[in-house]
There are 2 protein chains.
Amino acid sequence: MPVQSQVDAVLAQVDAGLEQSLERLYELLRIKSISTDPAYAAECQRAADWLVSELAGLGFDAAARPTPGHPVVVGHGTDQAGPHVLFYAHYDVQPVDPVELWHSDPFEPQLKEGADGRKIIVARGASDDKGQMMTFIEACRAWKTATGTLPVKVSLMLEGEEESGGKNLPPFMEAHRDELAAADIALVCDTDMWNRQTPSITTMLRGLVADEIEITCANKDLHSGMFGNAARNPNQVLAEIIASLRAPDGSVTLPSFYDDVAEISPELKAQWASLGFDEAKFLGEVGLSVPAGEQNRSVLEMLWARPTCEINGMIGGYTGDGFKTVIPAKASAKISFRLVSGMDPAKIRAAFRKHVEERLPADCSVKFTPHGGSPAITVPSDGTHLCQALAGLSAEWNKDAVITGSGGSIPVAGDFKKILGLDTLLIGFAHVDDQIHSPNEKYDLESYHRGIRSWVRVLAALAG
Amino acid sequence: MPVQSQVDAVLAQVDAGLEQSLERLYELLRIKSISTDPAYAAECQRAADWLVSELAGLGFDAAARPTPGHPVVVGHGTDQAGPHVLFYAHYDVQPVDPVELWHSDPFEPQLKEGADGRKIIVARGASDDKGQMMTFIEACRAWKTATGTLPVKVSLMLEGEEESGGKNLPPFMEAHRDELAAADIALVCDTDMWNRQTPSITTMLRGLVADEIEITCANKDLHSGMFGNAARNPNQVLAEIIASLRAPDGSVTLPSFYDDVAEISPELKAQWASLGFDEAKFLGEVGLSVPAGEQNRSVLEMLWARPTCEINGMIGGYTGDGFKTVIPAKASAKISFRLVSGMDPAKIRAAFRKHVEERLPADCSVKFTPHGGSPAITVPSDGTHLCQALAGLSAEWNKDAVITGSGGSIPVAGDFKKILGLDTLLIGFAHVDDQIHSPNEKYDLESYHRGIRSWVRVLAALAG
């Protein structure tokens, strides 16, 4: 039977099975797979095993493959024909702190009513990325249940370290290059829709360089009465270094930082302008009103086409209740750079470290700890697979799918290109208010339901 | 019997009872009286009760008097004549973090051998201030045991909130002014000897203004991919504010900060120069070599006669293991100023807050939390009590006692003057390597033993 004629039956199966699809998602959300914290290593393994069991139940040849970190789940369909897609998502999640700001247990998923009456699934990972991942797996399930097969050849690679640097995935892909490069196109589900009505495929992603610096001055903590004024204070040193990273006009001060950054084309600028992005609403929803980046740039440019430097964490000295008049021995910060197309992560990391070392006063030393790096990527905007996927999405949402950029980094898309030679279609159903990485993360029930339906259609479209 | 002729017998009693004196100190050191952390409130009460019991056993009319915070222990001798001293020390201690750097349990005191073979008592509070406090109490015990009485009239006021702002003590002193102001002179045991051979009395103490600032930008934590560049990052804002507090020449940048700071007299400068202070050794012992404060000032000037601004703690964003690409909603810092004679704490606090508010970018707010403030104090260097006490110390150490300054703040000395009209003699036996406020705090056994003996002699000297 031609694939397109089966789509309605598969969609009906998705609708009929939604309740059970949700229950399966909840099972996965209850697993505390926080990859960055070694205390949760067993939970990451449990999430991987759960996925293997699900995939095996759908007829995939699946296994949790060991890495020096958390396992990578790989599954291959055994009975399909047609084009071959390699689907990627990640089963690990961010830490939940500050946990006291959650309105319910982050690992006990709840179906709640959002502020505007929409149904939302609340849990850590509901959106990023377990909910998104399950839209694809449940679409495969619907195809198998309704038709006994899949419309294209499907492989999956599900990572457990996306939120913690993902340093073990590239060597894993290198080691299994022949097995994984057999696909024709990679699919990644870790991005947003343009808005509630408009599906999108992301073709520009920023890269990332993450570094940790630890400044040491004295060889022990000192009393600020006994030593204050004479002893170098690493909190002050660190603050001065951080302050030196941004100019008053909002630009990043590293020498050569913008050398490889190209201005976007007038065509792209026009297309982005036509999206009707509401800067005031975007900032207003998080309590802000003035863009903090380079002056005379639109917010979309700042987010999609301009690099940034962000201080993701910093700590030094006494930070508990009350006060302690200490001059600490050490202070440290977690600092990341978001990169755009053309920027070399290694070059930026080196420029950053040189900048820090040049500003280190006498008696101070610095220790650097890298936390991953990946270049920005750009997906060609005129390929067959892209056009097919856009058509599938447009059919489901009754609205033309748009092509967008993203300020986030999805390093695996760069690795798909570099290691496997595959282009990536970034298709996702998240929304900007999903509070990913924050307390009370949620995924719209509509994102989940119509995300599954979208993949049913996209897989059919890719079958040609 | 004349007081001076009894001294040898009392000193012999100190020597004979040293083992038991140590056991009593250990009992007190085992009590976890961390005043700044509400979790240890019951331990603070326990320390106060323990002291009341000790004092009552020595014939003092003693009680743990309630305050809105931890109790103040007050004891009055009931049978003495002669001059009346009011002894002050504090029974609370600093937190113990980072606890992993302690070589033994901070609350299980141990008699160890120091690097150069000296015997040291290791525990939180061993030096600051339980060890110092007990030198006086044990001296009183020796007088009572050997002679049945004390050579002067003795009252004690032992505080439980010195390490946490001490905000309840001034109102307590106000409320009991008549009772406490009956003394002729205050004695405080919370300072250092000049060096291992040379006892000293401190006549200049810096004041303190402690403030906490919390900067808020967005109304929740944000993903740095989704918002980085467009959203204001409070870590960056806080770092820029902290950096703005110090000029490249090491001076503090608050407008008018130095307006009320007088240069020290040529005489004092000469006296300090004659102390033979070894700057390189002082800094070298804590792993430093270059003074961080104002250029062209000696280290002693920086510490004793110049104000400073220190960042005692700062925190914002994700600071756990691994990496989290978050833009936090808030960042905060604990900041203190050490003041010298002439500076008004209220004026400095106001100037600091204005400086912060003026540097706050759009969309940011700041919350200030005060953590205590007190002016610097200067004790007249020619009074009778001072000369008597210097003589007593010189006799015990066979070396002329010196007059010094201190970079630390002992707010109670200012309050003794302001509220009770009393001058204070600051006499202590601690050493600069005692690691107070740091891991592995210690008190030399010699400090304890000869500190007790010193008080025996000072009390006799004050009897006239």
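Residues numbered from 1 in each chain as written. Chains lettered and ligands numbered in written order. Predicted model: local features only at pLDDT ≥ 70, side-chain atom pairs only at ≥ 80, totals over all residues.

> Honestly, the overall build of chain A in this entry has me stumped. Any pointers?
Helices and strands together make up the secondary structure of chain A, namely 15 helices and 18 strands. Relative to its length of 464 residues, chain A is compact, with a C-alpha radius of gyration of 23 Å against a globular reference of 23 Å. For chain A, the C-alpha atoms occupy an extent of roughly 85 × 50 × 50 Å along the three principal directions. Looking at chain A residue by residue over its 464 residues, the buried ones come to 58%. (Helix = DSSP H or I, 4+ residues; strand = E, 2+ residues; numbered from the N terminus. Rg over C-alpha atoms; globule rule 2.2 N^0.38 Å. Buried ≥ 20, exposed ≤ 12 C-beta atoms within 10 Å, placed from the backbone.)

> Would you explain the relation of the copies chain A and chain B in this entry?
Copy one and copy two of the chain differ by a rotation about a common axis and a shift along it. Under the fitted operation, chain A is carried onto chain B by 0.0 Å of movement along the axis and a turn of 180°, and the coordinates agree to an RMSD of 0.1 Å. Here the transformation between the copies is reduced to the relation of a two-fold axis. Most of the interface of chain A is mirrored in chain B: 100% of its interface residues are interface residues there too. (Least-squares fit on C-alpha atoms with pLDDT ≥ 70 in both. Contact = placed C-beta atoms within 7 Å.)

> What am I meant to see in the interface of chain A and chain B here?
Size of an interface: often given as the accessible area lost when the parts come together. Contacts between chain A and chain B engage 78 residues on the former and 78 residues on the latter. Contributions of two or more residues to the side of chain A that touches chain B are made by strand 10 (222-223), helix 7 (224-227), helix 8 (234-243), helix 11 (299-305), strand 11 (308-317), strand 12 (326-327) and strand 13 (330-339) of chain A. In terms of residue count, strand 11 of chain A provides more of the side of chain A that touches chain B than any other element does, nine residues in total. Tallied by class, residues from the side of chain A that touches chain B come to 31 nonpolar, 33 polar and 14 charged. Taken together, the five bridges between strand 11 of chain A and strand 11 (residues 308-317) of chain B define a ladder with antiparallel strand orientation. Among the inter-strand pairings, Gly313 of chain A is bridged to a residue of strand 11 of chain B, identified as Gly317 of chain B. (Nonpolar A, V, L, I, M, F, W, Y, C, P; charged D, E, K, R; others polar. Pairing = 2+ DSSP bridges.)

> So what exactly am I meant to see when it comes to the sheet that holds strand 11 of chain A here?
Working definition: the strands of a sheet are paired by backbone hydrogen bonds and lie parallel or antiparallel to each other. Strand order in the open sheet formed by eight strands is 14(A)-9(A)-13(A)-11(A)-11(B)-13(B)-9(B)-14(B), with antiparallel pairing between adjacent strands. Edge positions in the open sheet fall to strand 14 (365-374) of chain A together with strand 14 (365-374) of chain B, since each of these has one partner strand only. Adjacent strand axes in the sheet meet at a mean angle of 20° when their direction is disregarded. By the bridge criterion, eight bridges tie strand 11 of chain B to strand 13 (residues 330-339) of chain B in an arrangement that is antiparallel. Bridging from a neighbouring strand, Cys309 of chain B pairs with Phe337 of chain B of strand 13 of chain B. (Axes fitted to C-alpha atoms, helices over the stretch in contact; angles between N-to-C directions.)

> Would you mind going over helix 13 (residues 384-397) of chain A with me for this structure?
Residues separated by three or four positions in an α-helix point in the same direction, a consequence of the helix having 3.6 residues per turn. Residues and elements named next belong to chain A. The end-to-end C-alpha distance of helix 13 is 20 Å, a good match for the 20 Å that 14 residues give at a rise of 1.5 Å each. Restricting attention to buried positions, one finds in helix 13 the residues His385, Gln388, Ala389, Leu390, Gly392, Leu393, Glu396 and Trp397. Tucked inside the fold, the buried residues of helix 13 contact strand 7 (185-188), strand 8 (200-205), strand 17 (424-427) and helix 15 (445-462). (Expected span 1.5 Å × (residues − 1).)

> I keep staring at the pairing of strand 8 of chain A and nothing clicks. Help me out?
For a regular strand, side-chain orientation follows a simple rule: the groups alternate between the two sheet faces. Residue and element names in this part refer to chain A. Burial runs high along strand 8: six of the six residues are buried. Bridge count for strand 8 against strand 16 (residues 402-406) is five bridges, and the pairing is parallel. Opposite Ile201, over in strand 16, you have Ile403 as the bridge partner. Note that strand 8 and strand 15 (residues 377-378) share two bridges and pair antiparallel. Residue pairing in the sheet places Leu205 in a bridge with Ile377 of strand 15.

> Help me understand the sheet that holds strand 4 (residues 110-113) of chain B in this model?
All names here are of chain B. The three strands lie next to each other as 4-5-18, forming an open sheet whose pairing is antiparallel. With one partner strand each, in any of the chains shown, strand 4 and strand 18 (442-444) form the two edges of the open sheet. Each strand axis lies, on average, 35° off the axis of its neighbour in the sheet, ignoring direction. As paired elements, strand 5 (residues 119-122) and strand 18 share three bridges and run antiparallel to each other. Residue pairing in the sheet places Val122 in a bridge with Lys442 of strand 18. Relative to strand 18, helix 15 (residues 445-462) is tilted by about 55°, and along the sheet it contacts strand 4, strand 5 and strand 18.

> Which parts of the structure should I look at to understand the environment of Asp37 of chain B?
Mapped onto the fold, Asp37 of chain B is located in the loop between helix 2 (18-29) and helix 3 (41-57). The spatial distance from the C-alpha of Asp37 of chain B to the C-alpha of Ser409 of chain B is 21 Å, given a sequence separation of 372 residues. Contacts of Asp37 of chain B, omitting those with residues within four sequence positions, involve Gly320, Asp321 and Gly322 of chain A together with Pro95 of chain B.

> I would appreciate a short explanation of the domain arrangement of chain A in the present structure.
Residues and elements named next belong to chain A. Domain boundaries assigned for chain A yield domain 1 (3-205 + 376-462) and domain 2 (207-261 + 307-374). Computed from C-alpha atoms alone, the centre-to-centre distance between domain 1 and domain 2 is 35 Å. Taken together, the ten residues of domain 1 in the interface contact eleven residues of domain 2. Its residues placed into classes, the side of domain 1 that touches domain 2 shows three nonpolar, six polar and one charged. (Domains from an automatic or database assignment.)

> Sorry if this is basic, but what is going on with the environment of Gly373 of chain B here?
Residues and elements named next belong to chain B. With respect to the helices and strands, Gly373 occurs in strand 14. The class for Gly373 is buried, based on 22 C-beta atoms found within 10 Å. In this structure the C-alpha to C-alpha distance between Gly373 and Pro345, which are 28 residues apart in sequence, comes to 6.0 Å. If sequence neighbours within four positions are ignored, Gly373 has contacts with Leu208, Val209, Ala210, Pro345 and Arg349.

> I tried to follow the packing of helix 13 (residues 384-397) of chain B against helix 15 of chain B on my own but got confused; where do I start?
Each pair of packed helices can be described by the angle between their axes along with the distance between the axes. Residues and elements named next belong to chain B. Following both chains from N to C, one finds helix 13 and helix 15 inclined at 140°, their axes separated by 8 Å at the closest point. Taken together, the axes of helix 13 and helix 15 lie oblique to each other. Note that helix 13 runs across helix 15; the crossing there is right-handed. Here His385, Gln388, Ala389, Ala391, Gly392, Leu393, Ala395 and Glu396 of helix 13 lie close against helix 15, whose contacting residues are Arg450, Arg453, Ser454, Arg457, Val458, Ala460, Ala461 and Leu462. Along the lines of polarity and charge, the residues of the contact of helix 13 with helix 15 split into eight nonpolar, four polar and four charged. (Parallel < 35°, antiparallel > 145°, perpendicular 65-115°, else oblique. Left-handed = near helix turned anticlockwise from the far one by under 90°.)

> How do you make sense of the environment of Ala9 of chain A when you look at a structure like this?
Within the secondary structure, Ala9 of chain A sits in helix 1 (residues 3-16). You can call Ala9 of chain A partly exposed: it has 15 C-beta atoms within 10 Å.

> Could you clarify how one ought to interpret unusual backbone geometry in this entry?
Working note: non-glycine residues mostly have negative phi, and peptide bonds are mostly trans. With an omega of -5°, the peptide bond between Asp97 of chain A and Pro98 of chain A qualifies as cis. In the segment running from Asp128 of chain A into Asp129 of chain A, the intervening peptide bond is cis, with an omega of 10°. Topologically, Asp129 of chain A is positioned in the loop between strand 5 (119-122) and helix 4 (130-147). If you check the backbone angles, Asn398 of chain B has positive phi at about 55° while not being a glycine. Along the polypeptide, Asn398 of chain B turns up in the loop between helix 13 and strand 16 (402-406). Owing to 7 C-beta atoms within 10 Å, Asn398 of chain B belongs among the exposed residues under this scheme. We note that His437 of chain B has phi near 70°; this positive angle belongs to a residue other than glycine. Here His437 of chain B lies in the loop between strand 17 (424-427) and strand 18.

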